[in-house]
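Spelled out from the first residue to the last, the chains are:
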Amino acid sequence: ESLGEVQEMIDICDFAVGQSRMLYGITTQSERPNHRLFEQWHPLGIVGIISSFNFPMAVWSWNAMLALICGNVALWKPSSKTPLCAIAIQKIIAKVLQENKLPEGIVNLYCAESSIIQNRLLEDKRIALLSITGSSSFGKKAAPIVANRFGKTILELGGNNAIIITPSANISLVTKAILFGAIGTS
């Protein structure tokens, strides 16, 4: 699983590089003469990322790499159960940014107990978009707080890997799937 997390980080970096060349808007016809309609994309500013313990690296990269190519700053609050993974990644990304003469502070890490920082992130009007990966109960709490300040959210919420087993299922295969879903991805 750890090797898979690292590979996902590499893959999303490759994807983001390609995607960075496709940040264009569409132009459409208007019913008014001498008038043009077009999309123009602007950075949001600060994108906050709250990640869970069971994907301590990949979730950050999915969010941060796409935020960066769009001109945003990334602020990451990892699970308080996985701070060493986050610190290692922060050191790697800081080195990459420095080697490429990019400014400090475009990728930020805040390690703290969830009870200390999460409400601050939810309520901070400077954070235009907050991506949250975690429990459904936390998502239910977080979404209205962010919405109340007109912030945007991306919610990837989970439960306990529910599974429906049909009478015709291969029990040997089902058992492996249940174990992987409940333990392997945790």
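Above this text sits the structure in question.
Let me sum up the structure you'll find in this document. The shown structure was predicted, so the numbers you read here are calculated from the model rather than taken from an experiment.

### Quick look at the overall build of the chain
Check the secondary structure of the chain and you find six helices and seven strands. Referenced to the eigenvectors of the C-alpha coordinate spread, the extents of the chain come out at roughly 65 × 45 × 35 Å. Per-residue burial for the chain yields a buried fraction of 30% across its 186 residues. Considering only residue pairs separated by 6 or more positions, the chain has 66% of its internal contacts joining residues 24 or more positions apart.

### Re the pairing of strand S3 (residues 46-50)
The buried fraction of S3 is high, at four of five residues. Note: S3 against strand S4 (residues 73-77), five bridges, orientation parallel. Directly across from Ile46, in S4, lies its bridge partner Val73. Crossover S3 to S4 through helix H2 (residues 58-69) is right-handed.

### Looking at the pairing of strand S6 (residues 127-135)
Bridge analysis of S3 against S6 gives five bridges, and the strand direction is parallel. If you follow Val47 over to S6, its bridge partner there is Leu129. For S6 and strand S7 (residues 152-158), the ladder comprises seven bridges, and the chain directions are parallel. Each bridged residue has a counterpart across the sheet, and for Ile132 the counterpart in S7 is Leu155. Remark: the S6/helix H5 (residues 136-148)/S7 crossover connection has right-handed handedness.

### Overview of the side chain of Ser79
Looking at the element boundaries, Ser79 is found in the loop between S4 and helix H3 (83-99). With residues near it in sequence (within four places) discarded, Ser79 still touches Ser51, Ser52 and Phe53.

### Quick look at the sheet that holds strand S5 (residues 107-109)
With respect to topology, five strands assemble into an open sheet ordered S5-S4-S3-S6-S7, the strand pairing being parallel. In this open sheet, the two strands that pair with only one neighbour each are S5 and S7. Neighbouring strand axes in the sheet, compared pairwise and without regard to direction, differ in orientation by 15 degrees on average. Strands in contact with H2 are S3, S4, S5, S6 and S7; relative to S3, the strand with the most contacts, it is inclined by about 175 degrees.

### Some thoughts on the nonpolar core
With 18 residues, the main nonpolar core has Ile49, Trp60, Ala64, Met65, Trp76, Ile89 and Ile93 as its most contacted residues. Those elements giving two or more residues to this core turn out to be helix H1 (2-19), S3, H2, S4 and H3. Ile49 has contacts with Trp60, Asn63, Ala64, Ala74, Leu75, Trp76, Lys77, Leu130 and Ser131, leaving out every residue within four places of it along the chain.

Rules and cut-offs
Residues numbered from 1 in each chain as written. Predicted model: local features only at pLDDT ≥ 70, side-chain atom pairs only at ≥ 80, totals over all residues. Heavy atoms only, no water. Helix = DSSP H or I, 4+ residues; strand = E, 2+ residues; numbered from the N terminus. Buried < 20%, exposed > 50% of the residue type's maximum accessible area, 1.4 Å probe, protein only. Contact = heavy atoms within 4.5 Å. Pairing = 2+ DSSP bridges. Right-handed = clockwise from strand over helix to strand, strands pointing away. Axes fitted to C-alpha atoms, helices over the stretch in contact; angles between N-to-C directions. Core = buried A, V, L, I, M, F, W, Y, C linked by side-chain atoms within 4.5 Å.

These figures come from the coordinates and say nothing about function on their own.
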